[in-house]
Amino acid sequence: MPEFDWRSPDSYKSLQDAEITDIAWECLRRNADYRREYEAMIASSPAGEVTGEFRRRWGLCFRP
């Protein structure tokens, strides 16, 4: 695993061009509760679909 120095500005250079949704997704995918709920929902859905309720709960719905 590569070293990550959170104090170094060089560690964040790739984020300079990131969209806000990219940063939001990065935070969300690291959330243990989100991952647990997602896995449970996908496992219980015959088609592996994500529900509207799940999207609203986790802020995955964006206004046009």
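Details of the structure are given in the entry above.
These notes cover the structure that comes with them. (Residues numbered from 1 in each chain as written. Predicted model: local features only at pLDDT ≥ 70, side-chain atom pairs only at ≥ 80, totals over all residues. Heavy atoms only, no water.)

## Examining the packing of aromatic side chains
Okay, so step 1: One pass over the full model with this rule turns up five aromatic pairs.
Okay, so step 2: Note on Tyr-34 and Phe-54: the rings are 5.5 Å apart at their centroids and 40° apart in plane angle, and the pair reads as tilted. Remark: Phe-54 occurs in helix H3 (residues 52–57) and Tyr-34 occurs in helix H2 (residues 32–44); sequence separation between them is 20 residues.
Okay, so step 3: By relative accessible area, Phe-54 is classed as buried at 6%.
Okay, so step 4: For the pair Tyr-38 and Phe-54, a centre-to-centre distance of 6.1 Å together with 50° between the ring planes defines the contact as tilted. On the criterion of sequence distance, the pair formed by Tyr-38 in helix H2 and Phe-54 in helix H3 is long-range, its members being 16 residues apart.
Okay, so step 5: An aromatic cluster is built from Trp-25, Tyr-34, Tyr-38, Phe-54 and Trp-58, whose rings are joined through pairwise contacts. (Phe/Tyr/Trp six-rings, centres within 6.5 Å; stacked < 30°, edge-to-face > 60°. Helix = DSSP H or I, 4+ residues; strand = E, 2+ residues; numbered from the N terminus. Buried < 20%, exposed > 50% of the residue type's maximum accessible area, 1.4 Å probe, protein only.)

## Considerations on the layout of surface pockets
Okay, so step 1: When its volume is computed, the largest pocket comes out at roughly 210 Å³.
Okay, so step 2: Looking at the largest pocket, the residues that line it are Phe-4, Ser-11, Tyr-12, Ser-14, Leu-15, Ile-23, Glu-26, Cys-27 and Arg-30.
Okay, so step 3: When the residues that make up the lining of the largest pocket are grouped by side-chain class, the tally is five nonpolar, two polar and two charged. (1 Å grid on protein atoms, 1.4 Å probe; cavity = no way out; pocket = protein on both sides within 12 Å on 5 of 7 lines; lining within 4 Å. Points joined across faces, edges and corners; volume = space filled by probe spheres on them. Nonpolar A, V, L, I, M, F, W, Y, C, P; charged D, E, K, R; others polar.)

## Observations concerning the nonpolar core
Okay, so step 1: Leu-28, Tyr-34, Met-41, Phe-54 and Trp-58 together form the largest nonpolar core, which totals five residues.
Okay, so step 2: Excluding residues that lie within four positions of it along the chain, Leu-28 makes contacts with Tyr-34, Trp-58 and Leu-60. (Core = buried A, V, L, I, M, F, W, Y, C linked by side-chain atoms within 4.5 Å. Contact = heavy atoms within 4.5 Å.)

## A word on the side chain of Ser-45
Okay, so step 1: Among the structural elements, Ser-45 can be located in the loop between H2 and H3.
Okay, so step 2: Looking at Ser-45, its side chain comes within polar contact range of the main-chain nitrogen of Glu-49, at 3.0 Å. (Polar contact = N/O pair within 3.5 Å; in protein donor to acceptor, adjacent residues only side chain to side chain.)

## A word on the pattern of salt bridges
Okay, so step 1: Using the criterion set out here, one finds five salt bridges in the structure.
Okay, so step 2: Between Arg-29 and Glu-26 there is a salt bridge; the shortest N-O distance is 2.6 Å. Linking Arg-29 with Glu-26, this pair stays in helix H1 (residues 20–29), spanning three residues, or about one helical turn.
Okay, so step 3: Given the relative accessible area of 37%, Arg-29 is considered partly exposed.
Okay, so step 4: Among the ionic pairs, Glu-37 bridges to Arg-57, the shortest N-O distance being 2.8 Å. One end of the pair, Glu-37, is in helix H2; the other, Arg-57, is in helix H3, with 20 residues separating them in the sequence.
Okay, so step 5: Here Glu-37 falls in the partly exposed class, since its relative accessible area comes to 28%.
Okay, so step 6: With relative accessibility at 54%, the residue Arg-57 sits in the exposed group.
Okay, so step 7: Here the residues in one salt-bridge network are Glu-26, Arg-29 and Arg-30, joined through shared partners. (Salt bridge = Lys/Arg side-chain N within 4 Å of Asp/Glu carboxyl O.)

Without other data, these values stay purely geometric and don't point to any function.
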